[in-house]
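Residue-level structural notes
Each chain is listed here by its residues.
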Amino acid sequence: MQQSYEVTGQAGRVLVVDDDPTVAEVVAGYLDRAGYTVDRADDGPTALIRAAAHRPDLVVLDLMLPGMDGLEVCRRMRDHGPVPVIMLTARGDEDDRILGLEVGADDYVTKPFSPRELVLRVESVLRRTRPDTGTRLLSAAGLTVDPAARRATKNGIELALTLREFDLLAFFLRNPGRAYAREDLMHQVWGWDFGDLSTVTVHVRRLRGKVEDDPARPRLIQTVWGVGYRFEPEGE
């Protein structure tokens, strides 16, 4: 069955940042036809100005930009509040992808890519940012997750989580005591049927840094050797 790339929910504003005019034009065209309002920028400083003038619901951000690279643009945008980011990279180097995830990118696409696939990924990321009004509060080990407000706290202090970190923590709180392989987490948490398993490793490491008292000796998100990870509300 052919998969549609038309947006099924309310579309939003997307900022496309790429110094290749052909790529930017194609991506903007597909997003526009899918119902999104599209802003464009061809370098980092312009992207920050556009984002400040009209706060985007999501940013499609090229990693390799002249002057200020995509990693720095992502960091500076995040200084002004959370915004979902899909990183574009022309290289298949795993280090580039991991570095993008480390600074908080919610997804990445390696060039060359299918514009239809990119639109689907935009839709998927935005769908996850919408409030889940029918879901109860989740709480364990001093952690509280409010899916409706997309808010998480530890001992009453709000946690600065990316979109994918939030989804991962909520999944762990819903499923304590059970070991999950990285493939299972990739599929069940983020709906990916394929992808780089290092993505899961990076997000687990980042989440541990925010919820564990000692990330070097994690007690809540435990590694199950040969399997994957398990959330233990009572620690070891």
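Our subject is the structure that appears above.
Cut-offs and rules
Residues numbered from 1 in each chain as written. Predicted model: local features only at pLDDT ≥ 70, side-chain atom pairs only at ≥ 80, totals over all residues. Heavy atoms only, no water. Pairing = 2+ DSSP bridges. Helix = DSSP H or I, 4+ residues; strand = E, 2+ residues; numbered from the N terminus. Contact = heavy atoms within 4.5 Å. Axes fitted to C-alpha atoms, helices over the stretch in contact; angles between N-to-C directions. Core = buried A, V, L, I, M, F, W, Y, C linked by side-chain atoms within 4.5 Å. Buried < 20%, exposed > 50% of the residue type's maximum accessible area, 1.4 Å probe, protein only. Phe/Tyr/Trp six-rings, centres within 6.5 Å; stacked < 30°, edge-to-face > 60°. Lys NZ or Arg CZ within 6 Å of the ring centre and 35° of its normal. Arc of directions from axis to C-beta. Parallel < 35°, antiparallel > 145°, perpendicular 65-115°, else oblique. Nonpolar A, V, L, I, M, F, W, Y, C, P; charged D, E, K, R; others polar.

**Side note on the sheet that holds strand S9 (residues 157–158)**
Judged by pairing direction, the sheet is antiparallel, and its four strands sit side by side in the order S6-S7-S8-S9 without closing on themselves. What marks the edges here is a single partner per strand, and that holds for strand S6 (138–140) and S9. Docked against the sheet, helix H6 (residues 163–174) engages S6, strand S7 (143–146) and strand S8 (151–154), running at close to 110° with respect to S7.

**Observations concerning the nonpolar core**
Counting residues in hydrophobic clusters, the biggest one holds 27 residues, and the most contacted among them are Val 145, Leu 168, Leu 169, Phe 172, Leu 185, Leu 207 and Phe 231. Looking at this core, the element that brings in the most residues is H6, giving seven residues. Aside from chain neighbours lying at most four places away, what touches Leu 168 is Leu 185, Val 189, Trp 190, His 203, Val 204 and Leu 207. Leu 31, Tyr 36, Phe 113 and Val 119 belong to the second-largest nonpolar core, a separate cluster that totals 20 residues.

**What to know about the packing of aromatic side chains**
Here the structure, examined in full by the defined rule, presents two aromatic pairs. Each ring, one from Phe 171 and one from Tyr 180, has its centre 4.9 Å from the other, and the planes form 70°; the classification is edge-to-face. Comparing Phe 171 with Tyr 180, the two get one shared label, buried. Judged by centre distance (6.2 Å) and plane angle (20°), the rings of Phe 172 and Phe 231 are stacked. Of the two residues, Phe 172 sits in helix H6 while Phe 231 sits in strand S12 (residues 228–231), which places them 59 residues apart along the sequence. Judged by relative accessible area, Phe 172 falls into the buried class, the value being 0%. Lying across the ring of Tyr 30, Arg 33 places its NZ or CZ 4.7 Å from the centre.

**Looking at helix H2 (residues 44–53)**
Within H2 the residues assigned to the buried category are Gly 44, Ala 47 and Ala 51. Projected down its long axis, H2 carries its buried residues within an arc of 55°, all on one side. Residues of H2 that are exposed and angled more than 90 degrees away from the buried face: Ile 49, Ala 52 and Ala 53. Looking at the buried positions of H2, the neighbouring elements they touch are strand S1 (13–17), strand S2 (37–41) and helix H3 (70–79).

**What about the packing of H6 against helix H8 (residues 198–211)?**
Close contact between H6 and H8 brings their axes to 10 Å; oriented N to C, the two are set at 75°. For the element pair H6 / H8, the angle class is roughly perpendicular. Note on element contacts: H8 touches H6 through His 203, Val 204, Arg 206, Leu 207, Lys 210 and Val 211, opposite Arg 164, Glu 165, Leu 168, Leu 169 and Phe 172. Class assignment of the residues belonging to the contact of H6 with H8 gives a composition of six nonpolar, one polar and four charged.

**Some details on helix H7 (residues 182–190)**
Looking at H7, one finds that the buried residues are Leu 185, Met 186, Val 189 and Trp 190. Buried residues of H7, seen end-on, are gathered within an arc of 100° and therefore sit on one face of the element. Positive phi shows up at Gly 191, right after H7, with a value of about 75°.

**Focus: the sheet that holds strand S3 (residues 58–62)**
On the basis of which strands lie adjacent, the open sheet formed by five strands has the order S2-S1-S3-S4-S5 and parallel pairing. Looking along the sheet, the strands with just one partner apiece sit at the ends: S2 and strand S5 (107–110). The sheet shows a mean angle of 20° between the axes of neighbouring strands, taken without regard to direction. Relative to S3, S1 runs parallel, the two sharing four bridges. Bridge pairing in S3 links Val 14 to Leu 58. On the sheet, helix H1 (residues 21–33) packs against S1 and S2 and is oriented at approximately 170° with respect to S2.

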